[in-house]
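# Structure assessment
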Amino acid sequence: MKEFDYVIKGAGCAGLSLAYELNQNQKLEKKTLAIVEPRQIYDRDKNWSFWKTINHNFDDCVIKNWSNFTVNIKGKMHHLKCDDTPYQTVNSEIFYKKIISNLKSNSNISFFKDINEINTERSLIFNSVPNKGEFKDRLWQHFFGVEIETPKDTFDDKIFNLMDFDCDQRNSVHFYYTLPFSKNKALIETTWLSSLNNENIMDYENQIKEYLEKKLKIKDYKIIFKEKGAIPLFKQINSTKNNEINIGTAGGMTRLSTGYTFLNIQEHSKYIRENLEKIKNKKKYTIGKKYHFLDEIFIRVLKDNPKLMPEIFFKLFEVESKKVINFLSNKSNLLEDISVILKMPKIIFIKALFK
């Protein structure tokens, strides 16, 4: 079987981002790369959204930017601006096509469906496939969304709704999320923060229908795209060999309190590219120990106090938008951290700290 210098296991966002970063920066001119991915077709299967706190390689895959957003609970709403760090949505199909076209132009890059097709004994492996163990009882951000098109102008496409908690919580944490791509197209998602054991909260399509028709007062619409997913809000434990490095969610690039992953993947890819020749001896890349510490406390609070979470999230956005965005995007300084922490209910968080 053929040998390769590098192997990427899993060609989703993390695997393809790393391959693109290496190829664009001439790291594969004299090295070979095998990409192992079982999927047959790359089509639009998801969107990735985030505040643009750093430059990245995929501005040409962004389908919409926003500089205004809202967060609301029953009877209250925050209207916030993010001019300096616009909120962006990347279309996965455009992302896939851009990268795969780029990679296929390099004869040193090969694609395989199964890892058993190649000899990996002397390869440096980058693994983006998370542990497949049973973790349904852990905390997840699970969601279902539809992109709809309406026959007439319906949405204000200058502003998006990040979190609408004015909905049935069913003893969990539940909110809706609306991204208007144009005046007559928008992505609407129902999102839960809970375990995956409770099937009673997974009637997603009914939730969307009710929200569209009763809350948004939209009855005439066509569904043009659906997406469904579950993001683990717990630390991944992946055993590795000496020649293997985890990337993506498998490598701890998902922010536990938010689920944001895309930009963390881009920074990790850059770190690997800059240190590729000595990466096995370099310090493991992380999104920051302080964020892991603060997120673990936040997750404990969420698990123990689901009924209080809409108000807690709402209070979070009482902080100046720049500061809270930096905090949620792993870019905050100490003063910004303190600003966020001071908005949190102290007794509840202190109890969680010592739990």
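See the structure printed just above.
Residues numbered from 1 in each chain as written. Predicted model: local features only at pLDDT ≥ 70, side-chain atom pairs only at ≥ 80, totals over all residues. Heavy atoms only, no water.

## Some thoughts on the packing of helix H5 (residues 289–304) against helix H6 (residues 309–316)
How we decide: With axes taken as lines fitted to C-alpha atoms, and helix axes fitted only over the stretch in contact, angles between N-to-C directions fall between 0 and 180 degrees. Under the scheme used here, helices are H or I runs from DSSP no shorter than 4 residues and strands are E runs no shorter than 2 residues, and both carry numbers assigned from the N terminus. The contact criterion used throughout is that any non-hydrogen atoms of two residues lie within 4.5 Å. Ten residues, namely Ala, Val, Leu, Ile, Met, Phe, Trp, Tyr, Cys and Pro, are considered nonpolar, four, namely Asp, Glu, Lys and Arg, are considered charged, and the remaining ones, Gly among them, are considered polar.
Here H5 crosses H6 at 145°, and the two axes come no closer than 10 Å. Taking contact as the criterion, the partners of Phe-298, Val-301 and Leu-302 in H5 are, on H6, Met-309, Ile-312 and Phe-313. Considering only residue class, the contact of H5 with H6 consists of 6 nonpolar, no polar and no charged.

## Considerations on the sheet that holds strand S1 (residues 6–9)
Condition: Pairing between two strands is assigned when DSSP locates at least 2 bridges connecting them.
Taken together, the 5 strands give an open sheet; going across it, the order is S8-S2-S1-S9-S15, and neighbouring strands pair in parallel fashion. One side of each edge strand has no neighbouring strand; the edge strands of this open sheet are strand S8 (109–112) and strand S15 (244–246). Sheet twist, expressed as the mean angle between neighbouring strand axes with direction ignored, is 20°. In terms of strand pairing, strand S2 (residues 33–36) meets S8 through 4 bridges, oriented parallel. Looking at S8, one finds that Val-36 is bridged to Phe-112.

## Focus: helix H7 (residues 321–328)
The condition that has to hold: Working definition: with a 1.4 Å probe on protein chains only, accessible area under 20% of the residue-type maximum means buried, over 50% means exposed, and in between means partly exposed.
In terms of residue burial, H7 counts as a mostly covered element, since 6 of its 8 residues are buried. Among all positions in H7, only Ser-321, Val-324, Ile-325, Asn-326, Phe-327 and Leu-328 are buried. The inward-facing, buried residues of H7 abut strand S3 (47–51), strand S5 (68–73), strand S6 (76–81), H5, H6 and helix H8 (334–343).

## With respect to the pattern of salt bridges
The following threshold applies: Counted as salt bridges are all cases of a side-chain nitrogen of Lys or Arg within 4 Å of a carboxyl oxygen of Asp or Glu.
Taken as a whole and judged by the stated rule, the model has 27 salt bridges. A salt bridge links Lys-52 to Asp-59; the shortest N-O distance between them is 3.0 Å. Residue Lys-52 is classed as buried on the basis of its relative accessible area, which comes to 18%.

## A look at the pairing of strand S7 (residues 87–91)
Every other side chain in a regular strand lies on the same face of the sheet, so the side chains alternate between the two faces. Where burial is concerned, most of S7 is hidden: 5 out of the 5 residues are buried. Residues Tyr-87, Thr-89 and Asn-91 of S7 are buried on one face, and the alternating residues Gln-88 and Val-90, pointing to the opposite face, are buried as well. Sheet analysis places S3 next to S7, joined by 5 bridges and oriented antiparallel. In the sheet register, Asn-47 faces S7, and the bridge partner there is Asn-91. As paired strands, strand S4 (residues 62–66) and S7 are joined by 4 bridges and run antiparallel to one another.

## Focus on the side chain of Asn-161
For clarity, the cut-off: By the criterion applied in these results, polar contacts are pairs of N or O atoms within 3.5 Å in which, for protein atoms, one can donate a hydrogen and the other can accept it, and in which residues neighboring in sequence qualify only through two side-chain atoms.
As for its placement among the helices and strands, Asn-161 is situated in strand S11 (residues 160–164). A distance of 2.9 Å separates polar atoms of two side chains, one belonging to Asn-161 and the other to Thr-70. A distance of 3.2 Å separates polar atoms of two side chains, one belonging to Asn-161 and the other to Asn-72.

## Points about the packing of aromatic side chains
Keep this limit in mind: Between the rings of Phe, Tyr and Trp (Trp by its six-membered ring), a pair exists once the centres lie within 6.5 Å; its type follows the angle of the planes, with under 30 degrees stacked, over 60 edge-to-face, and the other angles tilted.
All told, the structure shown has 31 aromatic pairs when counted by the stated rule. Aromatic pair Tyr-20 and Phe-58: ring centres 5.4 Å apart, planes at 45°, arrangement tilted. Taken together, the residues span a long stretch of sequence, with Tyr-20 in helix H1 (residues 13–24) and Phe-58 in the loop between S3 and S4 at a distance of 38 residues. Consider the rings of Phe-95 and Tyr-96, whose centres lie 5.9 Å apart with planes at 65°: the pair is edge-to-face. Tyr-96 gets classed as buried once you look at its relative accessible area, which sits at 1%. Taken together, the ring pairs connect Tyr-20, Tyr-42, Trp-48, Phe-50, Phe-58, Phe-95, Tyr-96 and Phe-262 into an aromatic cluster.

## Describing the environment of Ile-73
Position of Ile-73 among the secondary structure elements: in strand S5. A residue is classified by how much of its surface remains accessible, and Ile-73, at 8% relative accessible area, is buried. The spacing of Ile-73 and Cys-13 is 60 residues in sequence and 33 Å in space, taken between C-alpha atoms. When near neighbours in sequence (up to four residues on either side) are disregarded, Ile-73 contacts Phe-165, Asp-166, Pro-310, Glu-311 and Phe-314.

## Digging into unusual backbone geometry
Positioned with a positive phi, Asn-171 is a non-glycine residue whose angle comes to about 65°. Here Asn-171 is to be found in the loop between S11 and strand S12 (173–182). Its identity is not glycine, yet Lys-217 carries a phi of approximately 60°, on the positive side. Mapped onto the elements, Lys-217 comes out in the loop between helix H3 (204–215) and strand S14 (222–232). Judged by its relative accessible area of 64%, Lys-217 falls in the exposed class.

## What about the packing of H1 against helix H2 (residues 92–104)?
Convention followed: The cut-offs work like this: below 35 degrees is roughly parallel, past 145 is roughly antiparallel, 65 to 115 is roughly perpendicular, and the gaps in between are oblique. Left-handed is the label given to a crossing in which the near helix is rotated counterclockwise from the far helix by less than a right angle, and right-handed is the label when the rotation is clockwise.
Where H1 meets H2, the axes come as close as 10 Å, and the angle between the chain directions of the two elements is 45°. Taken together, the axes of H1 and H2 lie oblique to each other. Considering the relative orientation of H1 and H2, their crossing is left-handed. Residues Cys-13, Leu-16, Ser-17, Ala-19, Tyr-20, Asn-23 and Gln-24 of H1 pack against Phe-95, Tyr-96, Lys-98, Ile-99, Asn-102 and Leu-103 of H2. Residues of the contact of H1 with H2, tallied by class, amount to 8 nonpolar, 4 polar and 1 charged.

All quantities given are derived from atomic positions and should not be read as evidence of function.
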